[in-house]
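Geometric and topological summary
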Amino acid sequence: MTPPFAYPSLPHVRRHGPRGYADYASFRPWLRDEFAFRCVYCLRREQWGLVRGTFAIDHFLHAAVHPTLATDYDNLVYACATCNTAKADRELPDPAEVLLRDDVRVAEDGTIEGDTPEARRLIRVLGLDDPEYTEFRLLWIGIVALAARHDPELFARLMGFPTDLPDLGALKPPDGNTRPDGVASCHFERRARGELPETY
Ligand SMILES: [Zn+2]
């Protein structure tokens, strides 16, 4: 079983490149798919409870400081509202480069530790090692373990993909897509081909 707080093993390479949306919110389906329906910073998953506002679109480089990047796809990441608020307008190491499995350790008691200066800085600035986040991880580690043992259906819901996977092939970004090949590997297409694992 993949632990609920296992960061990706490799730096994230963008698979999608939609361009030309006037409103950054229009990038949401692409970003959900790109970052596998979870917060790039704390790994909270959509499947753990999704009500309006739970997830935000984070401007990695803040739009107020870098207005030309406000609707630049490569500057947008999928983040939970809590991490997005904690980050605010700070410039930080790129989570897709820095929060990696070998460099960030989440223990069974929910504590988190970074092994590189960049990971440690990101953890500190976002407060990922605050008692509240530690408790959040501890709770979900426990819930997921309990479901794994006693409720396989609930386990599959908590650790599986959402049912409403975005059909990226049906979307037409105004200025096209710089990485059109990525659409064939989006979760929607993979599910249609029967390639999507039950949990991840
Ligand atoms: Zn988060």
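Refer to the structure printed above.
Since this is a predicted model, take the numbers as computed values, not measurements.

The protein atoms that coordinate the zinc ion are Cys-39 (SG), Cys-42 (SG), Cys-80 (SG) and Cys-83 (SG), at distances of 2.3 to 2.4 Å. Coordination geometry of the zinc ion: the four donor atoms subtend angles of 102 to 115 degrees at the metal centre, consistent with an arrangement described as tetrahedral. Read in sequence order, the donor residues for the zinc ion give the motif C-x2-C-x37-C-x2-C. Taken together, the positions of Cys-42 in the loop between α1 (28-34) and β1 (55-59) and Cys-80 in strand β2 (residues 76-80) put the pair 38 residues apart, joining distant regions of the chain. Here Cys-42 matches Cys-80 in class, with each residue buried.

This brings us to the packing of aromatic side chains. Centre distance and the angle of the planes are the two values used to describe a pair of aromatic rings. This model, assessed by the stated rule, comprises nine aromatic pairs. With a centroid separation of 6.3 Å and an interplanar angle of 85 degrees, the aromatic rings of Phe-37 and Phe-161 are classed as edge-to-face. Pair noted here: Phe-37 is in the loop between α1 and β1 and Phe-161 is in the loop between α6 (152-159) and α7 (187-192), with a separation of 124 residues, a long-range link. Overall, Phe-37 belongs to the buried group, its relative accessible area being 0%. Taken together, the ring pairs in this structure connect Phe-5, Trp-48, Phe-136 and Trp-140 into an aromatic cluster. When the ring centre of Tyr-73 is taken as reference, the NZ or CZ atom of Arg-14 above it lies at 5.1 Å. A cation over an aromatic ring shows up here: Arg-45 above the ring of Tyr-200, its NZ or CZ 4.2 Å from the ring centre.

Let us now look at the layout of surface pockets. Size it by volume and the largest pocket reaches roughly 580 Å³. Forming the walls of the largest pocket are 27 residues, and the residues nearest its centre are Pro-8, His-12, Glu-34, Ala-36 and Arg-38. Elements represented by at least two residues in the lining of the largest pocket include exactly α1, α3 (95-98) and α7. Taken together, the residues of the lining of the largest pocket sort by class into 16 nonpolar, four polar and seven charged. For the second largest pocket, the calculated volume is near 190 Å³. Lining the second largest pocket we find Gln-47, Ala-156, Arg-157, Gly-160, Phe-161, Pro-162, Thr-163, Leu-165, Arg-191, Leu-196, Pro-197 and Glu-198. Partitioning the lining of the second largest pocket into residue classes produces six nonpolar, three polar and three charged.

Thresholds, definitions, all that
Residues numbered from 1 in each chain as written. Predicted model: local features only at pLDDT ≥ 70, side-chain atom pairs only at ≥ 80, totals over all residues. Heavy atoms only, no water. Donors = N, O, S within 2.8 Å, 3.2 Å for Na, K, Ca; no water. Tetrahedral: all angles 85-135°; square planar, octahedral: opposite > 155°, others 65-115°. Helix = DSSP H or I, 4+ residues; strand = E, 2+ residues; numbered from the N terminus. Buried < 20%, exposed > 50% of the residue type's maximum accessible area, 1.4 Å probe, protein only. Phe/Tyr/Trp six-rings, centres within 6.5 Å; stacked < 30°, edge-to-face > 60°. Lys NZ or Arg CZ within 6 Å of the ring centre and 35° of its normal. 1 Å grid on protein atoms, 1.4 Å probe; cavity = no way out; pocket = protein on both sides within 12 Å on 5 of 7 lines; lining within 4 Å. Points joined across faces, edges and corners; volume = space filled by probe spheres on them. Nonpolar A, V, L, I, M, F, W, Y, C, P; charged D, E, K, R; others polar.

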